[in-house]
Amino acid sequence: MTATDNRTETLVIEPQQAQGNGVLPSRPLNHAEHRAYYGVLPAPDRLPLGELASMIGHAGVRGRGGAGFPLYRKLVSVSGAARARRIAPAIVANGCEGEPASHKDKHLLWLAPHLVLDGLVLLGRELRATRAVLAVEAGAPNGRGDLVRRLREALNERDVRQDGVRIELAEVPGRFIAGESAALVSTLDGGPGLPPYSELSVRESGVGGAPTLVQNVETVAQVALIARYGPDWFRDYGTAAEPGPQLFTVYSGRQRPRVVHSAAGAALAPLIADAGPIDAVLVGGYHGSWIPAPLARHARLTEADLGAPLGAGLIAALPADRCGLAETAHIVRYLALESAGQCGPCLNGLPRIAAALEQLADPHQAARDRGLLERIERWCGMVEGRGLCHHPDGSVRLVRSALMTFRTEIAAHHAGQCTGGDRRPLLPAPARELVH
Amino acid sequence: MRDNAPRDLSVDWAACQGHGLCAELLPDHITLDDWGYPIVSGPLSPAAAKRARRAVADCPALALKLRAAEQQVTIRSNPAAARSAHRG
Ligand SMILES: Cc1cc2nc3c(=O)[nH]c(=O)nc-3n(C[C@H](O)[C@H](O)[C@H](O)COP(=O)(O)O)c2cc1C
Ligand code: SF4
Ligand code: SF4
């Protein structure tokens, strides 16, 4: 993102559960403090090969970067590819957090960098990886200082001989798609940072052609906790389907965004208690889904209750005086500009969808053009699944959920009326210079 | 790859220029969207295999690909797999 985004705000951590050992500290920890706080990392002889993988499988860890894919299955396919192709694998902790509304990854890296480094070390040992990379946004501000510098300091505190894994820090451009796994691999290999066409997945052939495990930094940190406290500790949090503690970035009322430590199964309402009357809640992220207020009031944080995945953990309450269509148009315009612009359907479709949403958000224009909805739906079908990454699919999910959730608003706009008076955008969508 | 192995058509979206030639050569398998980019439908019938190879060879951008059907599980440009929204 550009330098002027709202990451300059102070974030507060709120443990929602009875204190377990996994809760983030209230201030940044150096390595010695980290070991005192979380306990020492189990030595390699205490964790024989295969043991960590089976703990991860038992714990049921799912990725926290958005897709919620089971970590165990990715571990198995990366190590399988490494064996089949006789190439030592690489691992990448994805701390790009390209989504401007999300803060949880930078928050985690700021307060407990050694948790992520521990996780990389453990996964590196388990996979016998020859490369381990921590990727973060170049010059990422975190409101309280320079995150990249802090991570360098943390890396300098590590004892590489004891770790058995040397971790590289990579700075990647602040773009929404920079953190997409294939785009990230391209950047790390000195390429253009765009997902390439490939018959092989990143797991089969990623960094430098090596089978590569790309995991969100929160997922990597969870590995470090499971190695210490065990899979049963992990399963004490959350639900059977979505186990483990999770970090959420929460927008509620006039508050600054907060990072909240919670878990699936917790009630949603208390997280957004200070929001006042609301119209809807955005769940998951900019590739996530709008949930109508009546549902949000009683829902628990589970995919089943919400009818939408928790994704990358964004929860944003839209106040009742805001227009959900205007908010969605604002986000989708941003997503269209963040398209890498290399795939025809994404390049052509997303800007058209954004423009039509902007018209739909304006009661004067919506009243004149009754065909808007139909066109948006048509274009959604046309971009979905037709790109080199899932950016179009995620964007379409957001748009479709808006068309469902804001049905009443759409009807009002078509009649030339708007129910939400305040049209200022709630969520950040930093403008970026157009490069073509 | 064996010649009679099941194949699927896929598109390198970064390379495809929307020429639409492929839709002319394979009208029963490829139609064009509002902007001229190919929409590939269904698995390739054995009868179409030869014309498909021709379309692949003739694509001016070398964007049309034939690949082993089972490779489709590795997502990318496959709508059904994409809907499961797996991004890893
Ligand atoms: C457009 C786009 C942007 C993404 N950005 C990020 C990101 O900033 N951070 C991240 O962890 N994952 C991001 N992802 C998901 C990654 O591709 C990948 O699935 C993830 O890093 C895997 O880690 P996990 O399984 O631990 O979630 C993005 C995906 C897409 C399609
Ligand atoms: S689908 Fe869109 S964002 Fe993804 S690589 Fe293609 S143009 Fe870029
Ligand atoms: S012929 Fe090639 S470039 Fe033209 S539309 Fe078909 S795939 Fe795209």
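This structure is a prediction, so every number in the text was calculated from the model and none was measured. Within any chain, residue numbers begin from 1 and follow the written order of that chain's sequence. Chains and ligands are labelled sequentially in the order written, the chains with letters from A and the ligands with numbers from 1. Where totals are concerned, whole chains, interfaces and linings use all residues; where local detail is concerned, this predicted model gives features only for residues with pLDDT of at least 70, and gives and counts side-chain atom pairs only at 80 or more. To obtain the side-chain values, all non-hydrogen atoms of the structure were used and water was disregarded.

S.K.: So what exactly am I meant to see when it comes to the overall build of chain A here?
M.R.: Looking only at helices and strands, chain A has 18 helices and 10 strands in total. Against the compact-globule benchmark of 22 Å for 436 residues, chain A has a radius of gyration of 21 Å, which places it among compact chains. By principal-axis analysis of the C-alpha atoms, chain A measures approximately 70 × 45 × 40 Å. Looking at chain A residue by residue over its 436 residues, the buried ones come to 61%. Strands are runs of DSSP state E lasting at least two residues, helices are runs of H or I lasting at least four, and both sets are numbered from the N terminus onward. Each radius of gyration reported is based on C-alpha atoms, and the globular scaling rule is 2.2 Å times the count of residues to the power 0.38. Using a 1.4 Å probe on the protein chains alone, a residue whose accessible area is under 20% of its type maximum counts as buried, one over 50% counts as exposed, and one in between counts as partly exposed.

S.K.: I tried to follow the overall build of chain B on my own but got confused; where do I start?
M.R.: Summing up its helical and strand segments, chain B has 3 helices and 4 strands in all. Out of the 88 residues in chain B, the part that is buried amounts to 48%. In what follows, a contact means two residues having at least one pair of non-hydrogen atoms within 4.5 Å. Across chain B, contacts joining residues at least 24 apart in sequence account for 55% of those joining residues at least 6 apart. In short, Shrake-Rupley with a 1.4 Å probe defines the accessible areas, and a residue's cover is counted only from the protein chains shown. With the model as given, the accessible surface of chain B reaches about 4600 Å², and the carbon-plus-sulfur share is 55%.

S.K.: Just to check I follow, could you spell out the side chain of His390 of chain A for this structure?
M.R.: Within the secondary structure, His390 of chain A is located in the loop between helix H16 (372-383) and helix H17 (391-405). At 2.5 Å, the side chain of His390 of chain A forms a polar contact with the side chain of Asp393 of chain A. Think of a polar contact as two N or O atoms within 3.5 Å of one another; within protein, one of them needs to be a possible hydrogen donor and the other a possible acceptor, and neighboring residues in sequence only count if both atoms come from side chains.

S.K.: Just to check I follow, could you spell out the site of ligand 1 for this structure?
M.R.: By convention in these notes, a residue is near a molecule or strand provided one of its non-hydrogen atoms lies within 4 Å of it. Lining the immediate environment of ligand 1, one finds 22 residues, of which Gly65, Ser181, Gln215, Asn216 and Thr219 of chain A sit closest. Lying at an intersection of chains, ligand 1 is approached by residues of chains A and B. At 2.9 Å, a backbone N or O of Ser181 of chain A approaches an oxygen atom of ligand 1. One of the side-chain N or O atoms of Thr219 of chain A is found 2.7 Å from an oxygen atom in ligand 1. Isolated, ligand 1 exposes 610 Å² of accessible area, and the fraction of that covered by the protein chains is 96%. Take the shell around ligand 1: its biggest share by element is 3 residues, from strand S5 (residues 212-216) of chain A. Classification convention: Asp, Glu, Lys, Arg as charged; Ala, Val, Leu, Ile, Met, Phe, Trp, Tyr, Cys, Pro as nonpolar; all other residues, Gly among them, as polar. Its residues assigned to classes, the shell around ligand 1 comprises 4 nonpolar, 13 polar and 5 charged.

S.K.: What's the story with the site of ligand 2 in this structure? I'm lost.
M.R.: As a structural note, the neighbourhood of ligand 2 is formed by Pro195, Ser339, Ala340, Gly341, Gln342, Cys343, Cys346, Gly387, Leu388, Cys389, His391 and Pro392 of chain A. Of the residues assigned to the shell around ligand 2, the class counts are 7 nonpolar, 5 polar and no charged.

S.K.: Looking at this structure, I do not really get the packing of helix H2 (residues 51-59) of chain A against helix H3 (residues 71-85) of chain A. What am I missing?
M.R.: Residues and elements named next belong to chain A. Between H2 and H3, the shortest axis-to-axis distance is 8 Å and the interhelical angle comes to 145 degrees. Residues Ala53, Ile56 and Gly57 of H2 form the contact with H3, whose own contacting residues are Leu71, Tyr72 and Leu75. Its residues assigned to classes, the contact of H2 with H3 shows 5 nonpolar, 1 polar and no charged. Simply put, an axis is a line fit to the C-alpha atoms, just over the touching stretch for a helix, and the angle between two N-to-C directions goes from 0 to 180 degrees.

S.K.: Honestly, the packing of aromatic side chains in this entry has me stumped. Any pointers?
M.R.: In this description, an aromatic ring pair is defined by two values, namely the gap between the centres and the angle between the planes. All names here are of chain A. Within 6.5 Å between ring centres, the rings of Phe, Tyr and Trp (the latter by its six-membered ring) count as paired, and their orientation is classed by plane angle as stacked under 30 degrees, edge-to-face over 60, tilted in between. Overall, the coordinates contain 7 aromatic pairs over all chains when judged by the stated rule. Here Tyr37 and Tyr38 contribute two aromatic rings whose centre-to-centre distance is 4.7 Å and whose plane-to-plane angle is 75 degrees, an arrangement assigned as edge-to-face. Each ring, one from Phe176 and one from Tyr334, has its centre 5.9 Å from the other, and the planes form 85 degrees; the classification is edge-to-face. Here Tyr334 lies in helix H13 (residues 324-338) and Phe176 lies in the loop between strand S4 (167-172) and helix H8 (181-188), a separation of 158 residues in the sequence.

S.K.: Any chance you could explain the side chain of Thr328 of chain A here in plain terms?
M.R.: Residues and elements named next belong to chain A. Mapped onto the secondary structure, Thr328 falls in helix H13. Of note is the side chain of Thr328, whose polar atom sits 3.0 Å from the side chain of Trp290. One polar contact links the side chain of Thr328 to the main-chain carbonyl oxygen of Gly324, over a distance of 2.7 Å. The contacts of Thr328, once residues within four sequence positions are left out, are Trp290, Leu357, Leu398, Ala402 and Phe406.

S.K.: Which parts of the structure should I look at to understand the sheet that holds S4 of chain A?
M.R.: In a beta sheet, neighbouring strands pair by backbone hydrogen bonds and run either parallel or antiparallel. Residue and element names in this part refer to chain A. In space, the 4 strands of this open sheet follow the order S4-S3-S2-S5, with parallel pairing throughout. Bordering the open sheet on either side are S4 and S5, each of which pairs with just one other strand. Across the sheet, the mean angle separating the axes of adjacent strands is 25 degrees when strand polarity is ignored. In this structure, strand S2 (residues 90-95) lies alongside S5, joined through 5 bridges in parallel fashion. The pairing criterion for strands is at least two bridges between them, as found by DSSP.

S.K.: Just to check I follow, could you spell out helix H5 (residues 113-127) of chain A for this structure?
M.R.: Given 3.6 residues to a turn, an α-helix orients residues that are three or four positions apart in the same direction. Residue and element names in this part refer to chain A. Here a helix's expected span is defined as the number of its residues, less one, multiplied by 1.5 Å. The end-to-end C-alpha distance of H5, which contains 15 residues, comes to 21 Å, matching closely the 21 Å that a straight helix rising 1.5 Å per residue would cover. The element H5 is extensively covered by neighbouring structure, given that 15 of its 15 residues are classed as buried. Among the residues trailing H5, Arg128 stands out with phi positive, at a value near 50 degrees.

S.K.: Sorry, what's going on with the pattern of salt bridges here?
M.R.: Think of it this way: side chains of opposite charge can pair up when their charged atoms draw near. All names here are of chain A. We count a salt bridge whenever a side-chain nitrogen from Lys or Arg sits within 4 Å of a carboxyl oxygen from Asp or Glu. Within the structure shown, the criterion is met by 24 salt bridges over all chains. Between Arg152 and Glu171 there is a salt bridge whose closest N-O contact spans 3.0 Å. With Arg152 in helix H6 (residues 147-156) and Glu171 in strand S4, this pair connects stretches of sequence that are 19 residues apart. Within this structure, Arg64, Lys104, Asp105 and Glu218 form a network of salt bridges that share partners.

Just geometry here; none of it tells us what the structure is for.
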